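Overview (structure and organization)
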Amino acid sequence: MTVRVRFAPSPTGMFHVGGARSALQNWIYAKQQGGVFVLRIEDTDAARNKPEWTEGILSALDWIGISRGSYEGPYFQSQNAGEHRAAAARLYESGRAYYCDCTREDVQARTGSQYQGYDGYHRDLGLGPGEGRALRFRTPDEGATVVVDLIRGEPTFENRLIEDFVIARGDGSPVFLLANVVDDMTMGITHVIRAEEHLPNTPKQQLLWDALGVKPPVWAHVPVVVNEKRQKLSKRRDKVALEAYREEGYLAGAMRNYLMLLGWAPSGDREIVPWSVIEDEFRLEEVNPSPAFFDEKKLRAFNGEYIRALPVAEFIDACQPWLTGTGTIAPPPWQPEEFDAEAFAAVAPLAQTRLAVLSEIVPNVDFLFLASPLIDEAAWTKTMKDGSAELLDSAITAFETLESWDAESLKSTLEAVGAERGLKLGKTQAPVRVAVTGRTVGLPLFESLEVLGRERSLTRMRAARLRLV
Ligand code: GLU
């Protein structure tokens, strides 16, 4: 039997990191089993779907390595509506489902509780189809539904506790639970690997598989992803969109490596490993069923390591979207014609060791490409103290006559300027750095001055000096 898995996102918002994690797990499982990965866009919630969300899903998957054309699909759930209705009709005709026109208030009035599920009132009243009548599944009164789950063992649900749930609404449209099962059935899905949030749906869905006479798939409910407060990641509270991470300058390699560590780890205390190791070693059965903490700090640290591991030329390429403001990435503060690729290449190795995310390249190098630096006023106030004006005067004089404008000469010259005042290099550098780059932190100062050049560096130092009058 060929293993067939599917990833079935709903295009109702930005693509979630938890979704990306499930997609990768499906992807690897299919690969390991010599199986097929199917992409199905569950677009039946017309009010909440937007085509751009679908595009976002495809492009996000592509980014993390599930590239277009390398999987089956995408199929669209909405195109399968006929099958969904036919299945609903079959369940009705076989007596496994019945019509009901109770409102929520009716049920409440009968049961005396707003929390009680449906009470089975119409089970045997023989109501036929009609406008406003929902179709309910007749759940068995006895026995239990045992879900075979590769991660969670055999969660068992007593059938008498499962209410007669709705499978088609009053307007005849089948609900998600049924559409999802029918699609999995028609697509020959053998393994459903999806988020834990769906586990409460699973016994109902398995009952539908049984009622439709098809052997249910093997399930695997992967753990919910939580924030540092152990709350489920939510788009209102947390940064959850994969796209947001991409735009901030996370590398796809770091991201997918990190996502695979949510609830699982490779052998031997390693965390940062080549993708091929993850593909070899990942075992769905080993995924920890407990909630998985999405630790953004750790992800940042990971990303920094991935950035440092890039060959410099690749690092330079990878920075381009932030240097030029392509796509949805905000344009940098300089004009395109001010950008100087050669100057950037000269400082790139220095920047590469410092970044956790690629977007941080902009504040590190903006001083090189702007006519005058963006002065961080807080940094200015903190740094420009008594004596800064005189110090800048001396530094300007010394730099004006410097024979060779290189990092080493600049350093020894400024060191001497500081020594005259009994200042260590750090203190001497600070006003020069703020004058030239506008900030207190950044790339090594002397290399920066070397690349910026004598004239531009001195112009900035003189301008800062004037401000201190
Ligand atoms: N469309 C569902 C969702 O995005 C997934 C259902 C499933 O994987 O079975 O949550």
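Note: the structure precedes this text.
Notes on the structure in this doc start here. (Residues numbered from 1 in each chain as written. Predicted model: local features only at pLDDT ≥ 70, side-chain atom pairs only at ≥ 80, totals over all residues. Heavy atoms only, no water.)

1. Focus: the side chain of N303
Basically, it comes down to this: Strands here are runs of E lasting at least two residues and helices are runs of H or I lasting at least four, both read from the DSSP assignment and numbered beginning at the N terminus. By the convention used here, residues are in contact when the closest approach between their heavy atoms is within 4.5 Å.
Relative to the elements of secondary structure, N303 occurs in helix α10 (residues 296-308). Once residues within four sequence positions are removed from consideration, N303 is found in contact with G249, Y250, L251, A254, A356 and V357.

2. What about the site of the ligand?
For clarity, the cut-off: What makes a residue near a molecule or strand is one non-hydrogen atom of that residue sitting within 4 Å of it. N or O atoms closer than or at 3.5 Å make up a polar contact, with two conditions inside protein: a donor-capable atom paired with an acceptor-capable one, and, for residues adjacent in sequence, both atoms drawn from side chains. Residues are grouped as follows: Ala, Val, Leu, Ile, Met, Phe, Trp, Tyr, Cys and Pro are nonpolar; Asp, Glu, Lys and Arg are charged; every other residue, Gly included, is polar.
For the ligand, the full set of nearby residues is R6, A8, P9, S10, E42, F176, N180, R194 and H198. Between the ligand and the protein, one listed contact pairs a nitrogen atom with a side-chain N or O atom of E42 at 2.6 Å. R194 is positioned with one of its side-chain polar atoms (N or O) 2.8 Å from an oxygen atom of the ligand. Per-class residue counts for the shell around the ligand are three nonpolar, three polar and three charged.

3. A word on the environment of R40
For clarity, the threshold we go by: The classification of residues rests on relative accessible area computed with a 1.4 Å probe and restricted to protein chains. Under 20% of the type maximum is buried, over 50% is exposed, and intermediate values are partly exposed.
Checked against the element boundaries, R40 lands in strand β2 (residues 36-41). You can call R40 buried: its relative accessible area is 0%. Distance in space between the C-alpha atoms of R40 and D183 is 8.8 Å, their sequence separation being 143 residues. Ignoring anything within four residues of it in the chain, the contact list for R40 reads R6, F7, A8, P9, Y75, Q77, N180, D183, D184 and M187. At a separation of 2.8 Å, a polar atom in the side chain of R40 contacts the side chain of E42.

4. Topic: empty space enclosed by the protein
Inclusion rule: In this analysis, the protein atoms alone were mapped onto a 1 Å grid. Cavities are point sets where a 1.4 Å probe fits without being able to get out; pockets are open sets with protein on both sides within 12 Å along at least five of seven lines; lining residues have an atom within 4 Å of a point. Grid points are joined across faces, edges and corners, and a volume is the space filled by probe spheres set on the points.
By the definition in use, this model includes one cavity of 30 Å³ or more. The space that makes up the largest cavity amounts to roughly 40 Å³. Mapped onto the lining of the largest cavity, the elements with two or more residues apiece are α13 (361-369) and α17 (425-437). Residue classes in the lining of the largest cavity are distributed as four nonpolar, four polar and two charged.

5. Details of the layout of surface pockets
Of the voids in this model, the largest pocket is the one considered here, and its volume is about 1,300 Å³. Taken together, 44 residues line the largest pocket, and the ones lying closest to its centre are A8, P9, S10, T12 and H198. Breaking the lining of the largest pocket down by element, the ones donating at least two residues are β1 (4-7), α1 (17-32), α3 (81-93), α5 (176-186) and β9 (191-195). With four residues, the top contributor of residues to the lining of the largest pocket is α1.

6. A look at the sheet that holds strand β5 (residues 134-137)
The following threshold applies: Any two strands are treated as partners once DSSP identifies two or more bridges connecting them. Between N-to-C directions, angles cover 0 to 180 degrees, with each direction set by a line fitted to C-alpha atoms, over the stretch in contact for helices.
If you walk across this open sheet you meet the three strands as β4-β5-β8, and the pairing is antiparallel. Of all strands in the sheet, those bounded by a partner on one side alone are β4 (97-100) and β8 (166-168). Pairwise comparison of adjacent strand axes, ignoring direction, gives a mean angle of 45° for this sheet. Pairing of β5 with β8, which is carried by two bridges, proceeds in the antiparallel orientation. Directly across from R136, in β8, lies its bridge partner V166.

7. Focus: the environment of G253
Relative to the helices and strands, G253 is located in helix α8 (residues 252-260). Classification of G253 as partly exposed rests on a relative accessible area of 27%. Taking the C-alpha atoms as reference points, G253 and W275, separated by 22 residues in sequence, lie 7.7 Å from one another.

8. Section: the packing of aromatic side chains
Our working rule: When two rings of Phe, Tyr or Trp (its six-membered ring) have centres within 6.5 Å they constitute a pair, described as stacked for plane angles under 30 degrees, edge-to-face for angles over 60, and tilted for the intermediate range. Sitting over a ring, as applied to charges here, requires NZ of Lys or CZ of Arg to be within 6 Å of the ring centre and within 35 degrees of the ring normal.
Per the stated rule, a full pass over the model turns up 15 aromatic pairs. Residues Y92 and Y99 carry aromatic rings whose centres are separated by 4.8 Å and whose planes lie at 65° to one another, so their mutual orientation is edge-to-face. Its relative accessible area of 15% is what places Y99 among the buried residues. One residue, R110, lies across the ring of Y121, its end atom 3.9 Å from the ring centre. Note that K239 overlies the ring of Y245, its terminal NZ or CZ placed 4.6 Å from the centroid.

Without other data, these values stay purely geometric and don't point to any function.
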